Amino acid sequence: YNTSSYEEVESLKLLEGLLDIHLPDLKYKDSSLSKALSNAPDYYEKAVPAINEMLRQVGECSFDDEGMLQRGVIIRHLVLPGYLENTYDIIDAFADNFKEKAMFSLMSQYTPPKTALPFESLNRRLSEEEYNSAVDYMYLSGIDDGFLQELSSAKEEYTPEFNLYGV
């Protein structure tokens with residue numbers, strides 16, 4: 001179940017028993033940033049209970065004999081260019097609240113849109129220095145069980161056209 005985590009716990013309860021693996025995002029900790037970028041000032045306050053409900057339903061990560069995840073939660077965070085403090089806050093939040101229960105995926109795939117945004121740093125790709133700083137911070141926070149992306153995973157061909165064709 002791939003989700004932004006901005007959802008009601010009551011809605012997630014309807015999924016109980018239907019899913020084995022949850023892939024929730026944990027996008028923002030700062031309410032002013034979540035309001036500015038997603039019009040969701042209460043993002044973190046909604047996301048944490050939602051992720052806790054996912055963990056309640058599927059439990060800690062479990063793997064088969066070949067190391068393939070069978071059940072569990074992988075919390076994903078996309079590093080945004082120019083917003084490293086947000087990433088550090090999310091890494092701290094993961095370490096404090098979820099480290100023993102879930103895996104962490106630090107993503108580097110941010111691709112700027114073709115039309116300029118009013119947020120200057122979001123009109124460029126993530127720099128190698130920014131991503132390496134995030135990775136270093138993650139390791140210093142004691143998070144060493146999870147996933148990293150290659151910086152080269154940010155490619156325009158992975159971004160769909162949002163033109164509503166076929167809808």
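Residues numbered from 1 in each chain as written. Predicted model: local features only at pLDDT ≥ 70, side-chain atom pairs only at ≥ 80, totals over all residues. Heavy atoms only, no water.

Caption draft 1: Just the pairing of strand 2 (residues 21–24), in detail. Covered by surrounding structure in strand 2 are His22 and Pro24 only, the residues Ile21 and Leu23 on the alternate face being uncovered. The pairing of strand 1 (residues 2–3) with strand 2 spans 2 bridges and is parallel. The residue of strand 2 that forms the bridge with Thr3 is Pro24. (Buried < 20%, exposed > 50% of the residue type's maximum accessible area, 1.4 Å probe, protein only. Helix = DSSP H or I, 4+ residues; strand = E, 2+ residues; numbered from the N terminus. Pairing = 2+ DSSP bridges.)

Caption draft 2: Quick look at helix 3 (residues 43–58). If you check helix 3, its first and last C-alpha atoms are 22 Å apart, about what 16 residues at 1.5 Å a residue would give, namely 22 Å. Listing the buried residues of helix 3 in full gives Tyr43, Tyr44, Ala47, Val48, Ala50, Ile51, Glu53, Met54, Leu55, Gln57 and Val58. On its buried face, helix 3 is in contact with strand 1, helix 1 (9–13), strand 2, helix 2 (31–38), strand 4 (69–78) and helix 4 (84–97). The positive-phi residue at the C-terminal boundary of helix 3 is Gly59, with phi of around 75°. (Expected span 1.5 Å × (residues − 1). Contact = heavy atoms within 4.5 Å.)

Caption draft 3: Up close: the environment of Ser31. Relative to the helices and strands, Ser31 resides in helix 2. Judged by its relative accessible area of 37%, Ser31 is partly exposed. Sequence spacing of Ser31 and Tyr44 is 13 residues, and the spatial spacing of their C-alpha atoms is 7.3 Å.

Caption draft 4: Representation of the pairing of strand 5 (residues 103–107). Where burial is concerned, most of strand 5 is hidden: 5 out of the 5 residues are buried. Of the two faces of strand 5, the one lined by Met103, Ser105 and Met107 and the one lined by Phe104 and Leu106 are each fully buried. Following the backbone out of strand 4, through helix 4 and into the adjacent parallel strand 5, one traces a crossover that is right-handed. Considered for its hand, the β-α-β crossover made up of strand 5, helix 5 (residues 128–140) and strand 6 (residues 146–148) is right-handed. (Right-handed = clockwise from strand over helix to strand, strands pointing away.)

Caption draft 5: Molecular detail of the nonpolar core. By size, the foremost hydrophobic cluster in this structure holds 37 residues, and its most contacted members are Leu26, Ile75, Phe98, Phe104 and Leu106. Secondary-structure elements contributing two or more residues to this core are helix 3, strand 4, helix 4, strand 5 and helix 5. It is helix 3 that contributes the most residues to this core, 9 residues altogether. Ignoring sequence-local partners within four residues, the contact set of Phe98 consists of Leu26, Val48, Ile51, Asn52, Leu55, Ile75 and Ala93. (Core = buried A, V, L, I, M, F, W, Y, C linked by side-chain atoms within 4.5 Å.)

Caption draft 6: Up close: unusual backbone geometry. You will see that Ser5, though not glycine, has its phi angle at about 80°, which is positive. For Ser5, a relative accessible area of 0% corresponds to the buried category. For Asn39, which is not glycine, the phi torsion reads 55° and is therefore positive.

Caption draft 7: View of the pattern of salt bridges. Scanning all chains against the criterion turns up 7 salt bridges. Between Glu16 and Arg56 there is a salt bridge, with the nearest N and O atoms lying 2.7 Å from each other. Here the residue Glu16 occupies a position in the loop between helix 1 and strand 2, and Arg56 occupies one in helix 3, the gap between them amounting to 40 residues. According to the relative accessible area criterion, Arg56 is partly exposed, its value standing at 46%. For Arg76, the salt bridge identified is with Asp25, shortest N-O distance 2.6 Å. With Arg76 in strand 4 and Asp25 in the loop between strand 2 and helix 2, the pair connects residues that are 51 residues apart, well separated along the chain. Across this residue pair, the class does not change: Arg76 and Asp25 are buried. Within the structure, one salt-bridge network assembled from shared partners comprises Glu16, Glu53 and Arg56. (Salt bridge = Lys/Arg side-chain N within 4 Å of Asp/Glu carboxyl O.)

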